[in-house]
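Structural description and commentary
Chain by chain, the residues:
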Amino acid sequence: MNINFCSRTILLTLATALVTLAAPGRAEDAVETPAQHDARMGWWRDARFGMFVHWGLYSGLAGTWQGKTVGTSGGMEWLEDYVKADTDTYAKAAIPLFKPKPDFAKDWAALAKTAGCRYVVFTTKHHEGFALHDSKVSTYTAGAVLHRDLVKEIVTALHEQGLRVGFYHSVIDWHHDQYEYNRSQQLPHPLHGQPYPNGTRDHAKYLDYLFGEVNELMSNYGQVDVVWWDYSAQDFQGQEAWHAFDLMKLVRSKQPNIIMNNRLFRTSDAGWTSMSTAGYANHLDTKYGDFVTPEQHIPATGMPGVDWETCMTMNTTWGYSDHDHKWKSSETLIHNLVDVVSKGGNYLLNIGPKGDGTIPAESIQAMHDIGAWMDVNSESIYGTTANPLGAVTWGRITAKPGKLYLHIFDWPADGKLPVPVKTTGAAPTAAFLAGDKYGAITVKSTDTGTELTLPGQAVSPVDTVVVLQGTFVTGK
Ligand code: GLC
C-alpha cells in the first residue's frame, strides 16, 4: 500500500505545523544561524570516530551466486547488480540465507563501544531495497518477512551502550516496481537499459513509498542522530530525483537536531561531483547537507572549513563476502583514524556482518586493537581539531586549545623530535599520554621551532602520543 501523493502532502503540512508549535531546535525550514549550526554539529565534530555497518540480504549471499564466486574484491552489497538478477529471483535466493541470531545487535554495539566509536551508522535499506524495519508501506522488509523489527533491535542495543544512532538509507532502489531506473544513465540497476517489466513506471509513486519509509524511520525509533543518504548521480539528483529538499524537510520536522550528509545531491555546491578523490570539492553549501563524504580515501589536506567524514572498509567490500581476504592491518586502520582526525575529519569505519548478524573475526580483532590504542590515547582524538602547523615527517598532529598531540608513527633514532612551532610565555612542557612511567621528555626552543628529546623506546609501535602544552605562536 503506497501513501498517495495527496496524503503525503497532508503529512508534510501536518508535520510542519507540529514543528512550528512544538519541537525545540531547528524547525525544518528555519534559517539556521552559524551558532545554531555549530551547536547542532557539536557532538559529531567531537566524536571523530564512528562505526559503519552494511547488513542486508546481500550479507547472506556473501559474494556467492548460484554456487559461483561473484568476486574477490569490491562491494558485494552490489551483488544483485553484478549478477543482473531481477528482484524476485534475487529475493528467492537471498531471503533463506538471511537469518539474524537473537542478540546480534548487542554484539555490534559492544564492539563499537570497545573500539571507542561514539556513533554507529547502519543500513536501514541498501540499494537492494530490502528494509530492516517493520513498515506499513512495504512488505519487502524484515518486519514482514522475519516478523522482527531489526532497526528497533539495533537502536535499542546502541542506546544501551550510550552510542549515537545513524541511519544509512539508500534512495536508489532495485526492488520497487515504480522506481524509474532508466531516468539516469549513471545510477546502477540490475535491469538498467531494459524496458520496465510492467511497461511504464511512475517515479512519483516510488517517492511516496520512499517518503513513507523515511517517515516511519524518523517517527518510530526515538532520537535519530544522523541520516546517511546514498546516493545521487550528476544526471539524476536533488529535487528532481528525490524531492530532496522536501525529504530533508520531512526528516527535520521529526528530528530537528539531526545531521545529514550531502548525498541527496551531486553538484560542486553540494561538495562532490564524483566518488574519486578529485571529485570532492572543498566547499559545501549546507542547504544540501551537513557534511561531505569522501569514500575509501582521505583528502590529502583535509577539507578546511567543511565538515567531512571519510568512510572506509576494513577489506574491500562494504557488505560481507566469503571471498574477500584483503584485510587492512590494525596499524593501517589506526593510522587512518589519526590521519583523518589530524586533517579535521571524522572516520567512519565499516564492518560487514554475515547473514546471521555475526561479525567476521578479522573485524572483531581490528576493532579490539583500535580500542586498546584508544583506551590510552582517545584524548588525542575526541574533541580535537586539525593540525594547525604544517605536515611533519614523523607522524601526525591533532590539537586542542593550548595542547598539541604529537602522534609519533616513526620513532627518531637520535631521540630528537622537531616540532614546527614556536612558543611564548611560560616554558612548554611535554609528556607521554600513556603516563610518566615511560620516561621524561625535555623541550627546548630552536631557530625553527621546538625540539623534544625523547627517551629510548616508543610506547606504542603503531603511534606513541606526546602531549605538548604551551602558548603556541601559530601565525600563518
Ligand atoms: C557507495 C556504494 C555503496 C556503499 C556506499 C558507502 O555508494 O555504492 O554500496 O554503501 O558507497 O559509502
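That block above? That's the structure.
The following refers to the structure shown. (Residues numbered from 1 in each chain as written. Predicted model: local features only at pLDDT ≥ 70, side-chain atom pairs only at ≥ 80, totals over all residues. Heavy atoms only, no water.)

**So, the sheet that holds strand β9 (residues 346–351)**
Read from one edge to the other, the open sheet built from seven strands follows the order β7-β6-β5-β4-β1-β9-β8, with strand pairing classed as parallel. The sheet is open, and its two borders are formed by β7 (259–260) and β8 (309–312), each paired with just one other strand. (Pairing = 2+ DSSP bridges. Helix = DSSP H or I, 4+ residues; strand = E, 2+ residues; numbered from the N terminus.)

**Here's the deal with the sheet that holds strand β11 (residues 403–408)**
Taken in spatial order, the four strands make up an open sheet running β10-β11-β16-β13, and their pairing is antiparallel. Strands at the two margins of the open sheet, each flanked by one partner only, are β10 (395–400) and β13 (422–432). For this sheet, the mean inter-axis angle between neighbouring strands, taken without regard to orientation, is 20°. Set on the sheet, helix α12 (residues 330–342) makes contact with β10 and β11; between it and β10 the angle comes to about 50°. (Axes fitted to C-alpha atoms, helices over the stretch in contact; angles between N-to-C directions. Contact = heavy atoms within 4.5 Å.)

**Considering α12**
In this model, α12 (13 residues) spans 18 Å end to end at C-alpha, consistent with the 18 Å of a helix rising 1.5 Å per residue. Summarising burial for α12: 11 of the 13 residues are buried, a large majority. Turning to α12, its buried residues number three or more, namely Ser330, Leu333, Ile334, His335, Asn336, Leu337, Val338, Asp339, Val340, Val341 and Ser342. Along its buried surface, α12 packs onto β1 (49–53), β8, β9, α13 (361–377), β10 and β11. (Expected span 1.5 Å × (residues − 1). Buried < 20%, exposed > 50% of the residue type's maximum accessible area, 1.4 Å probe, protein only.)

**Considerations on the site of the ligand**
Not every one of the 15 residues close to the ligand is listed here, only the nearest: His54, Glu77, Trp78, His126 and Glu295. Within the side chain of histidine 126, one N or O atom sits 2.8 Å away from an oxygen atom of the ligand. At 3.3 Å from an oxygen atom of the ligand is found a side-chain nitrogen or oxygen belonging to histidine 127. (Near = heavy atom within 4 Å. Polar contact = N/O pair within 3.5 Å; in protein donor to acceptor, adjacent residues only side chain to side chain.)

**Here we look at unusual backbone geometry**
Aspartate 230 connects to tyrosine 231 through a cis peptide bond whose omega is -25°. Phi is positive for lysine 84, which is not a glycine, with a value near 55°. Take lysine 84: it is sitting in the loop between α4 (79–82) and α5 (87–94). Located in the positive-phi region is histidine 243, a residue other than glycine, with phi close to 50°. Note on placement: histidine 243 falls in the loop between α10 (238–242) and α11 (244–254). Residue class for histidine 243 comes out partly exposed when judged on its relative accessible area of 23%.

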